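An overview of the molecular structure
Read off the chains here:
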Amino acid sequence: MADIPRRAAHRTAKLASLPLGVAGRLAAGWGKRLTGQNPAEISADLSAKTAEQLFAVLGQLKGGAMKFGQALSVFEAAVPDEMAGPYREALTKLQSAAPPMPASSVHRVLDEQLGRAWRKRFAEFDDTPAAAASIGQVHRATWHDGREVAVKVQYPGADEALRSDLRQLMRFSRLFQSLAPGAEVKPLLAELQDRMVEELDYRTEADNQRAFARVFHGDDDVRVPAVVASAPKVVVTEWVTGKPYARIIADGDRAERDAAGRLLAEFHYSAPARVGLLHADPHPGNFMLLPDGKLGVIDFGAVSRLPDGLPATFGRMIRLALEDRPAELLDLLRAERFVQGDREIQAEDVLAYLAPFVDPARTPTFHFTRRWLQRQAERVGDLRSPDFRTGRSLNLPPDYLLIHRVTLGATGILCQLDAEVGARDIIARWQPGFSDRPRR
């Protein structure tokens, strides 16, 4: 396949095939049940086939469809165990895999972005992509000065495809909701739409990465590769080699899991205070454990600009919940627009609703597990539960949406890692409003 499929009717038809395919398989499964086949085996077969279709369609379309799949993949830890296997495999594929564009297309983009003499800037350039990004693919190369570099090249037509995909995916949000219980899919899509223009210009991404690299240069725990060159649709950065978080999730030992979890949690909470930016694309494909034990971080296309660090409101909410002060917590939520209008809501119900979100700060060390995340998703997604009714009265102000989504995404990765992390000390050190303890 050359470029991203661009014709709206073609892309819409592919996206529309997702719910139609699911409906067809459900009908077939109902027929098999009538003939006495094992329901568990039928459900597993349906899940596997649906997951494979999801990967095939989103991966081929790239653009916004693949971008959404990558964002959704961090929630796989919340999918019930009986469905998790096939979805886990299909969704996590989207973090780093997609059909590649041919070398001729890559060369055409490099001609346009770096000039027709671009080959002179590289000692070597590998035409076979090393990885796929949501709206581009990454090639390994050697810069003219001998440095190993990563060259991210945007897919031709990515801008048009991204806008079209996100509009179409909004129509199918109910289907995706079933794959990620407890995740707010429509706001997730809306937030992706709001930031698509910024992510399409790789010069902005390069500026973001330069800011992170400058602050974390020489850091004991984090390595951000330096930017070597940038253009609107091409960015060249230093190459880093490490063990991807996806591999640690699959087969890492206890020490690797805990180290990976601690480093990710520290980076998530500390970056806004140190850089004034929050890395806002949390999926395992963007993180790796380097041979020297540092966290390697890549892909800075999506950031949230937080010049004053994380909002102190979040820290105060966690502190009030920990100290069992429901009336003050409800007053804070109303003052900060977290309660819809003049909805009547009980302070104790809010405390119960928010309590699991502060579980990681309740003990010196917290074990992030898939089962814990599944319970939270089940609780807030159960139509019959008090927590569901409470949730319908709460509101997430737009200026908090990205931070909320990134925190949920990072939590999802920690649960995939099955990591034990001293989260309370990290929160106390970096989250404003949680304590009066000064940050270093």
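Let us look at the structure shown here. (Residues numbered from 1 in each chain as written. Predicted model: local features only at pLDDT ≥ 70, side-chain atom pairs only at ≥ 80, totals over all residues. Heavy atoms only, no water.)

Okay, the nonpolar core next. Counting residues in hydrophobic clusters, the biggest one holds 69 residues, and the most contacted among them are Phe212, Tyr245, Phe267, Leu329 and Leu417. Judged by nonpolar contacts, the second largest core, of 27 residues, contains Val109, Ala141, Val228 and Val234. (Core = buried A, V, L, I, M, F, W, Y, C linked by side-chain atoms within 4.5 Å. Buried < 20%, exposed > 50% of the residue type's maximum accessible area, 1.4 Å probe, protein only.)

Two quantities define a packed helix pair, namely the angle between the helix axes and the distance between the axes. Relative orientation of the contacting elements helix 12 (residues 312–322) and helix 13 (residues 326–335) amounts to 160 degrees, with a least axis distance of 9 Å. Considered as vectors, helix 12 and helix 13 are oriented roughly antiparallel to each other. Judged by the sense of rotation from one axis to the other, the crossing of helix 12 with helix 13 is left-handed. Residues Thr313, Arg316, Met317, Leu320 and Ala321 of helix 12 form the contact with helix 13, whose participating residues are Glu328, Leu329, Leu332 and Leu333. Its residues placed into classes, the contact of helix 12 with helix 13 shows six nonpolar, one polar and two charged. (Axes fitted to C-alpha atoms, helices over the stretch in contact; angles between N-to-C directions. Helix = DSSP H or I, 4+ residues; strand = E, 2+ residues; numbered from the N terminus. Parallel < 35°, antiparallel > 145°, perpendicular 65-115°, else oblique. Left-handed = near helix turned anticlockwise from the far one by under 90°. Contact = heavy atoms within 4.5 Å. Nonpolar A, V, L, I, M, F, W, Y, C, P; charged D, E, K, R; others polar.)

Under the defined criterion, the tally for this structure stands at 13 aromatic pairs. When the centroid spacing of 6.0 Å and the interplanar angle of 40 degrees are considered together, the rings of phenylalanine 212 and phenylalanine 267 count as tilted. Taken together, the residues phenylalanine 212 in helix 9 (residues 202–216) and phenylalanine 267 in helix 11 (residues 254–275) connect sequence positions 55 residues apart. Of the two residues, phenylalanine 212 and phenylalanine 267, neither departs from the other in class, the shared state being buried. Aromatic ring contacts, followed pair by pair, group Trp118, Phe122, Phe125 and Trp143 into a single cluster. For the cation-ring pair, lysine 152 lies above tyrosine 202, with the distance from its terminal atom to the ring centre recorded as 5.2 Å. Residue placement shows arginine 319 over the ring face of phenylalanine 434; its charged tip is 4.2 Å from the ring centre. (Phe/Tyr/Trp six-rings, centres within 6.5 Å; stacked < 30°, edge-to-face > 60°. Lys NZ or Arg CZ within 6 Å of the ring centre and 35° of its normal.)

The next point concerns the side chain of aspartate 299. As for its position among the elements, aspartate 299 is in the loop between strand 11 (295–297) and strand 12 (303–305). Of the residues examined, aspartate 299 reaches a relative accessible area of 16% and is grouped as buried. Engagement of the side chain of aspartate 299 in a polar contact is seen with the backbone nitrogen of glycine 301, the distance being 3.3 Å. In contact with aspartate 299, other than residues within four places in its own chain, are Lys152, Glu205, His279, Asp281 and Asn286. (Polar contact = N/O pair within 3.5 Å; in protein donor to acceptor, adjacent residues only side chain to side chain.)

Bringing the sheet that holds strand 11 into the picture now. Ordered in space as 5-11-10-8, the four strands form an open sheet in which the pairing is mixed. Each edge of the open sheet carries a strand with a single partner, namely strand 5 (222–223) and strand 8 (243–244). One ladder, built from two bridges, connects strand 8 with strand 10 (residues 287–289); its direction is antiparallel. Bridged to proline 244 within strand 10 is methionine 288. (Pairing = 2+ DSSP bridges.)

Close approach of charged atoms lets side chains of opposite charge pair. Counted according to the given criterion, the structure contains 20 salt bridges. One salt bridge connects glutamate 205 with lysine 152, and the closest N-O pair in it is separated by 2.8 Å. Of the two residues, glutamate 205 is situated in helix 9 and lysine 152 in strand 4 (residues 148–154); the sequence distance between them amounts to 53 residues. For the pair glutamate 205 and lysine 152, a shared accessibility class is recorded, and that class is buried. Bridged by salt links that share partners, the residues Asp145, Arg147, Arg223 and Glu238 form one connected network. (Salt bridge = Lys/Arg side-chain N within 4 Å of Asp/Glu carboxyl O.)

Everything listed here is a matter of geometry and, on its own, says nothing about what the molecule does.
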